[in-house]
Amino acid sequence: MTLFELQAWLGHRSPQSTQYYAKISPTTLTRAYTDAGYFSRNVRTIEVLIDRDAVTSGAAGGDEPWQYYDLGHGYCTYTFFEQCPHRMACARCDFYAPKASGKGQLLEAKDNLQRMLAAIPLSDDERAAVDEGQTALDNLLERLIDVPTPTGTTPRETGAPPTATLLPIIPVNREKRP
């Protein structure tokens with residue numbers, strides 16, 4: 001019942017007198033918030049991983065990242081993640097740490113950019129965007145060079161290049177000779 005309905009029902013002349021007699025208890029207020037669904041609509045959650053070793057060793061007090069926001073494809077180490085205006089556009093961000101499991105996707109994306117350069121005629125702006133994307137992917141792959149492989153060795157130890165350099169695919173048309 002609204003305040004004005006209660007005022008009419010009780011026969012009061014002013015809403016102030018109704019408010020005086022009908023005090024809202026904290027329990028009633030909590031129930032009203034729950035019924036309105038306010039908190040369920042205004043809650044956004046994201047998983048935050050805490051590096052306990054960095055916290056206990058004191059490295060978290062310096063420039064060492066100690067909390068990681070899981071984005072699915074990588075981690076954001078920006079302390080004020082919820083205020084980031086570029087959220088989820090992280091490939092060029094210094095606070096982005098790619099996951100080792102995403103290396104295959106990065107290599108596939110780089111391969112797709114190489115195919116695009118070879119197969120599709122691009123304008124200068126489009127070519128610049130593809131080149132910029134390749135540079136960003138190379139930087140992400142470079143960050144993964146010290147991440148151990150399933151065998152325990154890192155790509156740097158095995159001598160594997162951090163980025164795969166692909167040659168453009170050129171279609172060859174051969175005429176049949178009689």
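Use the structure listed above.
These numbers come from a predicted model, not from an experiment.

**A word on the side chain of threonine 77**
- Topologically, threonine 77 is positioned in the loop between β3 (74–76) and β4 (96–98).
- Side-chain polar atoms of threonine 77 contact the backbone oxygen of phenylalanine 95, separated by 2.9 Å.
- Excluding anything up to four places from it in sequence, threonine 77 contacts Pro65, Gln67, Tyr68 and Phe95.

**Let's talk about helix α7 (residues 124–143)**
- Taking 1.5 Å of rise per residue, 20 residues should cover 28 Å, and α7 covers 29 Å from first to last C-alpha, within 8% of that figure.
- Taken together, the buried positions of α7 are occupied by Val130, Gly133, Gln134, Ala136, Leu137, Leu140 and Leu141. Seen end-on, α7 carries its buried residues on one side only, within an arc spanning 165°. Turned more than 90 degrees away from the buried face of α7 sit Asp124 and Asp125, all of them exposed.
- Looking at the buried side of α7, the elements it contacts are β4 and α6 (103–119).

**Observations concerning the packing of aromatic side chains**
- Counting across every chain of the model gives 3 aromatic pairs.
- For the ring pair tyrosine 78 and phenylalanine 95, a centre distance of 4.9 Å and an interplane angle of 50° mean the geometry is tilted. Note that tyrosine 78 is positioned in the loop between β3 and β4 and phenylalanine 95 in the loop between β3 and β4, a separation of 17 residues in sequence.
- One aromatic cluster is present, formed by Tyr78, Phe80 and Phe95 through successive ring pairs.

**Considering the pattern of salt bridges**
- Evaluation of the coordinates by the stated rule reveals 3 salt bridges.
- In this structure, lysine 110 and aspartate 138 form a salt bridge, with 2.7 Å as the shortest nitrogen-oxygen distance. With lysine 110 in helix α6 and aspartate 138 in helix α7, the pair connects residues that are 28 residues apart, well separated along the chain.
- For lysine 110, a relative accessible area of 6% corresponds to the buried category.
- Across the pair arginine 115 and aspartate 111 runs a salt bridge, and its minimum N-O distance is 2.7 Å. Placement of the pair is arginine 115 and aspartate 111 together in helix α6, with a separation of 4 residues, close to one helical turn.
- Since its relative accessible area comes to 40%, arginine 115 is described here as partly exposed.

**Some points on the environment of cysteine 76**
- Within the fold, cysteine 76 resides in strand β3.
- Sequence separation between cysteine 76 and proline 65 is 11 residues, and the spatial gap between their C-alpha atoms is 9.6 Å.
- Beyond its immediate chain neighbours, meaning those up to four positions away, cysteine 76 contacts Gln67, Tyr68, Tyr69, Leu71, Phe81 and Phe95.

Criteria and thresholds
- Residues numbered from 1 in each chain as written.
- Predicted model: local features only at pLDDT ≥ 70, side-chain atom pairs only at ≥ 80, totals over all residues.
- Heavy atoms only, no water.
- Helix = DSSP H or I, 4+ residues; strand = E, 2+ residues; numbered from the N terminus.
- Polar contact = N/O pair within 3.5 Å; in protein donor to acceptor, adjacent residues only side chain to side chain.
- Contact = heavy atoms within 4.5 Å.
- Expected span 1.5 Å × (residues − 1).
- Buried < 20%, exposed > 50% of the residue type's maximum accessible area, 1.4 Å probe, protein only.
- Arc of directions from axis to C-beta.
- Phe/Tyr/Trp six-rings, centres within 6.5 Å; stacked < 30°, edge-to-face > 60°.
- Salt bridge = Lys/Arg side-chain N within 4 Å of Asp/Glu carboxyl O.

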